[in-house]
Amino acid sequence: MALLDILVYPDPRLRNKALPVEVFDETVGKLVEDMAETMYAAPGIGLAATQVNVAKRIVVIDTSEHQDRLQVFINPVLTGMGELVETEEGCLSVPGVIVPVKRHSEVHISALDKNGEPFELHASGLLAICIQHEVDHLDGKVFVDYLSQLKRDRVRKQLLREGRSSGKSFDKRKEPVTAS
Ligand code: NI
């Protein structure tokens, strides 16, 4: 297992669109393991492959209280359901920034597991929010895109000034519980 470098906004590689996984070999299993280790170490509750500069549609999430229930979603397809709810989100690629974002309160998820087996899931609560945030990453979207241009520029300048865009300097100070 290995810790991977997490890209930090406004790194342009966060805009890459991830491609579906078609071959399920040991490289997929290794990547999933490394992504999980990286997410837990950050610490965060979700991580998309885009954030570690891999253009594959792979997401790892653990929203359990004790962070002992890893969920892996490969080639996830979401159907948003329920009302739109606003929650405060954080992101491992935008350290120290918390932004209110509106998302569906429930989602239906179709995905493959790390062995390529299809499964379906109905999610609500934090998992529903988190999976929407992560699939945005796979599509090259970062949650600050939901902000006004003015606020987004402020976040970008702040992170550039702090020199965090190297991707190396992500620290381990307490992040919001929803960092993903
Ligand atoms: Ni994120």
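Residues numbered from 1 in each chain as written. Predicted model: local features only at pLDDT ≥ 70, side-chain atom pairs only at ≥ 80, totals over all residues. Heavy atoms only, no water.

Draft legend 1. Quick look at the pattern of salt bridges. Taken as a whole and assessed by the stated rule, the structure comprises seven salt bridges. The residue Asp 139 makes a salt bridge to Arg 57 at a minimum N-O spacing of 2.9 Å. Of the two residues, Asp 139 is situated in the loop between α2 (125-138) and α3 (149-161) and Arg 57 in the loop between β1 (46-48) and β2 (58-61); the sequence distance between them amounts to 82 residues. Assessed through its relative accessible area of 34%, Asp 139 is described here as partly exposed. (Salt bridge = Lys/Arg side-chain N within 4 Å of Asp/Glu carboxyl O. Helix = DSSP H or I, 4+ residues; strand = E, 2+ residues; numbered from the N terminus. Buried < 20%, exposed > 50% of the residue type's maximum accessible area, 1.4 Å probe, protein only.)

Draft legend 2. Representation of the pairing of strand β3 (residues 71-89) in the model. Bridge analysis of β2 against β3 gives four bridges, and the strand direction is antiparallel. Of the residues in β3, the one forming a bridge with Ile 58 is Ile 74. Taken together, the 12 bridges between β3 and strand β4 (residues 99-112) define a ladder with antiparallel strand orientation. Bridge assignment links Val 85 to a residue of β4, and that residue is Arg 103. (Pairing = 2+ DSSP bridges.)

Draft legend 3. A look at the packing of aromatic side chains. Taken as a whole and assessed by the stated rule, the structure comprises one aromatic pair. Ring centres 5.8 Å apart and planes at 40° place the aromatic pair Phe 73 and Phe 119 in the tilted group. Within this pair, whereas Phe 73 is found in strand β3, its partner Phe 119 is found in strand β5 (residues 118-124), the two being separated by 46 residues in sequence. Looking at Phe 119, the relative accessible area reads 26%, which means it is partly exposed. (Phe/Tyr/Trp six-rings, centres within 6.5 Å; stacked < 30°, edge-to-face > 60°.)

Draft legend 4. Region of interest: the sheet that holds β1. Pairing is antiparallel in the open sheet, where five strands are placed in the order β1-β2-β3-β4-β5. The open sheet has two edge strands with one neighbour each: β1 and β5. Strand-to-strand twist of the sheet, defined as the mean angle between neighbouring strand axes without regard to direction, takes the value 30°. Of the strand pairs in this sheet, β1 and β2 are connected by three bridges, and their pairing is antiparallel. Directly across from Leu 47, in β2, lies its bridge partner Val 60. Against the sheet, helix α1 (residues 26-41) contacts β1, β2 and β3, and its axis sits at roughly 40° relative to β2. Strands in contact with α2 are β1, β2, β3, β4 and β5; relative to β4, the strand with the most contacts, it is inclined by about 85°. (Axes fitted to C-alpha atoms, helices over the stretch in contact; angles between N-to-C directions. Contact = heavy atoms within 4.5 Å.)

Draft legend 5. Highlighting the state of the cysteines. In total, this model carries zero disulfides according to the counting rule given. Unpaired in this structure, Cys 130 has its nearest cysteine sulfur neighbour in Cys 91, at a distance of 9.9 Å. (Disulfide = S-S within 2.5 Å.)

Draft legend 6. Summary view of α3. A rise of 1.5 Å per residue sets the reference length of α3, with its 13 residues, at 18 Å; its end C-alpha atoms lie 18 Å apart and thus fit the reference within 8%. Among all positions in α3, only Arg 152, Val 155 and Leu 159 are buried. Within α3, the buried residues cover an arc of 60° as seen down the axis, which keeps them to one side. Exposed positions of α3 whose direction lies more than 90 degrees from the buried face are Leu 150, Arg 154 and Arg 161. Once α3 ends, the next one or two residues include Gly 163, with phi positive near 70°. (Expected span 1.5 Å × (residues − 1). Arc of directions from axis to C-beta.)

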